[in-house]
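Residues per chain, in single letters:
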Amino acid sequence: MKKLKKIISLLTLAGMVFSCSQTSKLTYKDMGLPINDRVNDLLSKMTLEEKIGQMNQYNGFWNVTGPTPIQGDAAKKYKDLRKGYVGSMLNVRGVKEVRAVQKIAVEETRLGIPLVIGFDVIHGYETLSPIPLAESASWDLEAIQKSSEMAALEASAAGINWTFAPMVDVSRDARWGRVMEGAGEDPYLGSKIAKARILGFQGTDLSKENTILACAKHFAGYGFAESGRDYNTVDIGTSTLHNIVLPPFKASVDAGVRTFMNSFNELNGIPATGNSYLQRDLLKQEWKFDGFVISDWGSMVEMIAHGHAKDLKHAAEIAANAGSDMDMESNAYVHHLADLVKEGKVKESVIDDAVKRILKVKFELGLFEDPYRYCDEKREQNVIGSKEVLDASLDLAKKSIVLLKNQNNLLPLKKQGQKIAIIGALANDKTSPLGSWRIAAKDSTAVSVLEGLNAYKGNSIVYAKGADVALGTPDFITEVKINNTDKSEFEEAKKVAKNADVVVMVLGEHGFQSGEGRSRVDIGLPGVQQELLEEIYKVNKNIVLVLNNGRPLTLGWADANIPSILECWQLGTQSGHAIAQVLYGDYNPSGKLPMSFPRHVGQLPLYYNYKNTGRPILPGKDVVFWSHFQDEKNSALYPFGHGLSYTQFEYENLKVHQKEDEVHVKIGVKNIGKLKGKEVVQLYLRDLVASVTRPVKELKGFELIELEAGEEKIVEFVLTNKELGFYDNKGKFIVEPGEFKLFLGGSSKTVIETSFEIK
Ligand code: BGC
């Protein structure tokens, strides 16, 4: 009996051991367990240093966009990687490179936690779609989502599983070079586009091999850098913060974005990276964001220059406590967080919270099941530059073009029997149309306008450069040198123009004149191009001006003199084909401006949703005491939402019907021209009297429709509290009773209006 008992107890012990080892097997590696359990289990096995390692992101070994990080040498980085002190890498790309670092993380570190691999897939990876500002001009949410899907497809095939996009910073200042990366000046349009881009990148299942993490950036206020000078101070009131800056970020959370990036700027005296109101109170608590926040490049160390942290250790303390979960290249966390925890300056619970967020996202990506799921050379070869990706890029490029002006129907061009002169260095440029943020795209891979036009055979086409825009070969890092003097090829261009039926002039900014660190005080045509335009005009007035640029430009002279102007931004890989198809009318332009084009740089910041002021109008002739400029109008040259078509649309029969808390709006839109075309029907509201003053107009709905010649459609909108309310100065969303004006039209310069009352 004794023996039996002993055997039983031995068996029980063995059973316990067995079930213990079973439990330890039922760990983070068990795909069957809920993600939160796996995260908790893994966390419980990690040392403090390993946890902090997850909060550390290192750059690959090229393309430094900011001040060089301390001790950032490759040897030290690899050593850290081997110890498990790196949670993520950026700028490592291509299956071979990614596999190599992932292998170290997975096979050589104690716990084998895979890396998340980040990259700036801002408007495509190797195949580029239009720059984000251009895409936004399409107002075509489906096409925008598709373009992000294609970007994710290519990037994921190159080993990347995280993009630092979309940039959802609203900006009203065209001097700021980074307007090219965003959706323009409007929070409503910006929110819709943020959602489309996030859904495109992330899809519905992050664990699929062709979806990647999105990142809403830069949280927050970066687009309001004073005088549009990049990295500059941001000081804005609560009303602008809550009603203009934050909505696209909130929309990103609602769309399920898994990561956020904070920003370089200080916001009302506190650097965003160390701002716990933004990251903890708002984002994580109020909005319930359960993904993680990465700092911007070196933005932790920059808190020293801001005058907010006394040294790197202090910066680490502030950033961690404020809710920055991962350090991009400040080396602040990897060097100082462990000591800060030991000294009690940062609680271990703060570290645990950050690490849980990071691990959770890694589990969602399916990296623990297969850390090499983005590392398939065959897929890389087949997907990058595939027809599917190129077709989507062309589709969106056409849709992004905005017809600013078209006098006497000079456009579309006739396809046969014309002598066409093409003038401007940008017409023959295969690199500049790729725009800024094109790290993985190879030089000279865009279709030029000249190539696009030459693909049509019916006309005689002669090209003359006229003048260079930039000198040398501009790059991502250094200042672009503009040609301000060399006009030696003007005469040749004039000769060519003189003999032509139509002159197509391709002018604008070089692709690297916008983007990060690329602010300008003069936003006219750079260099000698304005002079070239005026010289050509002297010999032939039949000019179509094709613009390439990454920001709104001042185009007063062109608007007054040139019959047709086509805003073609930087349209990416398929640029020239898209432009040619619009010039020849194979695609009827449908784009609308996402940002106001000023008459003069001195008007900036300029935006359609301005406040009325106490002195909006001229009280009497020649009296100066009203809100205006002596030497320029207040209004934009081309307002937000503007964009023509080769056909025309008429708005009629506006009907408003109130039903409980909703306002139902119906408007008839008719194509009264001779061609099939698309129109973006735009709805704006004005809350006439409010406890916090409201703008003269705010976009609150839009719909992209296509109409055959002569066809009419009824477009319907439903306005709810979401559209009728606003954030008060405490950041609380409220709806106030009172009278509202409602406007509709094909631009913010609306054509039909009515009013209604909210009781
Ligand atoms: C930019 C970010 C970008 C990061 C990584 C920074 O300079 O502000 O938008 O994602 O670099 O390249």
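A brief structural summary. This is a predicted model, so every value here is computed, not measured. Along each chain, numbering runs from 1 in the same order as the chain's sequence is written. Totals for whole chains, interfaces and linings use all residues, but because this is a predicted model, local features are given only for residues with pLDDT of at least 70 and pairs of side-chain atoms are given and counted only at 80 or more. Only hydrogens and water are removed before side-chain values are computed, so all heavy atoms of the structure are retained for them.

1. Brief notes about the environment of Thr 273
Put simply, DSSP marks the helices as runs of H or I at least four residues long and the strands as runs of E at least two long, and each gets a number from the N terminus on. In this structure, Thr 273 sits in the loop between strand 8 (270-271) and helix 11 (276-286). With relative accessibility at 1%, the residue Thr 273 sits in the buried group. A C-alpha to C-alpha distance of 42 Å links Thr 273 and Gln 530, two positions 257 residues apart in sequence. Residues are treated as being in contact if the distance between any of their heavy atoms lies within 4.5 Å. Other than its neighbours up to four places away in sequence, Thr 273 contacts Asn 262, Ser 263, Gln 279, Ser 295, Ser 299, Met 300, Met 303, Ala 319, Ala 322 and Ser 324. Here's how the labels work: a residue is buried when its accessible area is under 20% of the maximum for its type, exposed when over 50%, partly exposed in between, all with a 1.4 Å probe on protein chains only.

2. What about helix 17 (residues 387-400)?
Along its 14 residues, helix 17 runs 20 Å from first to last C-alpha, staying within 8% of the 20 Å computed at 1.5 Å per residue. Every buried residue belonging to helix 17 is among Val 389, Ala 392, Ser 393, Leu 394, Leu 396, Ala 397, Lys 398, Lys 399 and Ser 400, and all of these are buried. A helix is expected to reach a length of 1.5 Å times the quantity of its residues less one.

3. A closer look at the nonpolar core
Here, nonpolar core refers to any group of buried Ala, Val, Leu, Ile, Met, Phe, Trp, Tyr and Cys residues whose side-chain atoms link them within 4.5 Å. Ranked by internal contacts, the top residues of the largest apolar core, which has 191 residues, are Phe 260, Ile 423, Met 505, Trp 569 and Leu 583. Ranked by residue count, the leading element in this core is helix 15 (residues 348-364), at 8 residues. Structurally, this core is a two-domain feature, drawing no fewer than three residues from each of domain 1 (18-380) and domain 2 (390-603). When neighbours within four sequence positions are excluded, Met 505 is seen to be in contact with Ile 423, Leu 532, Leu 533, Ile 536, Ile 543, Val 544, Leu 545 and Val 546. Counting residues in hydrophobic clusters, the runner-up holds 21 residues, among them Val 665, Val 681, Ile 705 and Phe 756. In this document the domain limits rely on a domain assignment from an automatic tool or a database.

4. Brief notes about the pairing of strand 25 (residues 752-758)
Strand pairing is assigned whenever DSSP detects at least two bridges linking the two strands. One ladder, built from 7 bridges, connects strand 24 (residues 738-745) with strand 25; its direction is antiparallel. In the sheet register, Glu 739 faces strand 25, and the bridge partner there is Glu 757. In sequence, strand 24 turns back onto strand 25 through a hairpin of 6 residues.

5. A closer look at the packing of aromatic side chains
Each aromatic pair joins two rings of Phe, Tyr and Trp (for Trp, the six-membered one) with centres within 6.5 Å, and gets the label stacked for planes under 30 degrees apart, edge-to-face for over 60, and tilted for any other angle. The tally for this structure, following the rule as stated, stands at 26 aromatic pairs. On the basis of an interplanar angle of 85 degrees and a centroid distance of 6.3 Å, the ring pair of Tyr 188 and Phe 702 is categorised as edge-to-face. Of this pair, Tyr 188 sits in helix 8 (residues 187-202) while Phe 702 is found in strand 20 (residues 698-707), placing the two residues 514 residues apart along the sequence. The same class applies to Tyr 188 and to Phe 702, which are both buried. Among the aromatic residues, those joined into a cluster by ring pairs are Trp 139, Tyr 188, Tyr 608, Phe 640, Tyr 684 and Phe 702.

6. A look at the sheet that holds strand 18 (residues 662-671)
Overall, antiparallel pairing links the 3 strands, which are arranged 17-18-21 in an open sheet. The open sheet terminates on both sides in strands that have one partner only, identified here as strand 17 (649-659) and strand 21 (712-719). Pairwise comparison of adjacent strand axes, ignoring direction, gives a mean angle of 20 degrees for this sheet. Across 9 bridges, the pairing between strand 17 and strand 18 is antiparallel. Across the sheet, Tyr 651 pairs through a bridge with Val 669, a residue of strand 18. A fitted line through C-alpha atoms represents every axis, and for helices the fit uses only the stretch in contact; the resulting angles, taken between N-to-C directions, go from 0 to 180 degrees.

7. Let's talk about the pattern of salt bridges
Each reported salt bridge corresponds to a side-chain nitrogen of Lys or Arg within 4 Å of a carboxyl oxygen of Asp or Glu. The full count for this structure, using the stated rule, is 45 salt bridges. Here Lys 487 ties to Glu 531 by a salt bridge, and the two come within 3.0 Å at their closest N and O atoms. Within this pair, whereas Lys 487 is found in the loop between strand 13 (460-464) and helix 19 (490-498), its partner Glu 531 is found in helix 20 (residues 529-539), the two being separated by 44 residues in sequence. Using a relative accessible area of 35% as the deciding quantity, one classes Lys 487 as partly exposed. Residue classification places Glu 531 among the partly exposed residues on the basis of a relative accessible area of 36%. A single network of salt bridges, built from pairs that share partners, joins Arg 258, Asp 290, Lys 360 and Glu 364.

8. Details of a nonpolar patch on the surface
Residues forming no salt bridge and having over 30% relative accessible area are the ones grouped into patches, like charges within 9 Å of each other and nonpolar side chains (Val, Leu, Ile, Met, Phe, Trp, Tyr) within 5 Å. All accessible-area figures derive from a Shrake-Rupley calculation using a 1.4 Å probe, and residue coverage is judged against the displayed protein chains alone. Taken together, the side chains of Val 623, Val 624 and Phe 625 present a nonpolar region at the surface, about 280 Å² in accessible area. Within the secondary structure layout, Val 623 lies in the loop between helix 22 (575-583) and strand 17.

9. Here's the deal with the site of the ligand
Looking at the ligand, there are 13 residues lining it, with Asp 120, Arg 178, Lys 217, His 218 and Asp 296 nearest. Under the rule applied, a polar contact is a pair of N or O atoms within 3.5 Å (in protein, one hydrogen donor and one hydrogen acceptor; residues adjacent in sequence only if both atoms are side-chain atoms). For the ligand, an oxygen atom lies 2.8 Å from a polar atom in the side chain of Glu 516. Surface burial for the ligand is 99%, taken as the share of its 310 Å² of free accessible area covered by protein chains. When grouped by side-chain class, the residues that make up the shell around the ligand number 6 nonpolar, 2 polar and 5 charged. To be near a molecule or strand, a residue needs just one of its heavy atoms within 4 Å of it. Each residue gets one label: Ala, Val, Leu, Ile, Met, Phe, Trp, Tyr, Cys and Pro are nonpolar, Asp, Glu, Lys and Arg are charged, and the others, such as Gly, are polar.

10. Quick notes on the sheet that holds strand 14 (residues 502-508)
An order of 11-16-15-14-12-13 is seen for the 6 strands of this open sheet, with the pairing classed as mixed. Two strands in the sheet have a free side with no partner beyond their single neighbour: strand 11 (402-406) and strand 13. Put simply, the sheet's adjacent strands are angled 20 degrees from each other on average, direction ignored. As paired elements, strand 12 (residues 419-423) and strand 14 share 4 bridges and run parallel to each other. Among the inter-strand pairings, Ile 423 is bridged to a residue of strand 14, identified as Met 505.

11. Points about the environment of Val 106
Looking at where Val 106 falls in the secondary structure, it is placed in helix 5 (residues 95-108). In this view, Val 106 contacts Gly 112, Pro 114, Pro 371 and Tyr 372; residues no more than four positions away in its chain are not counted.

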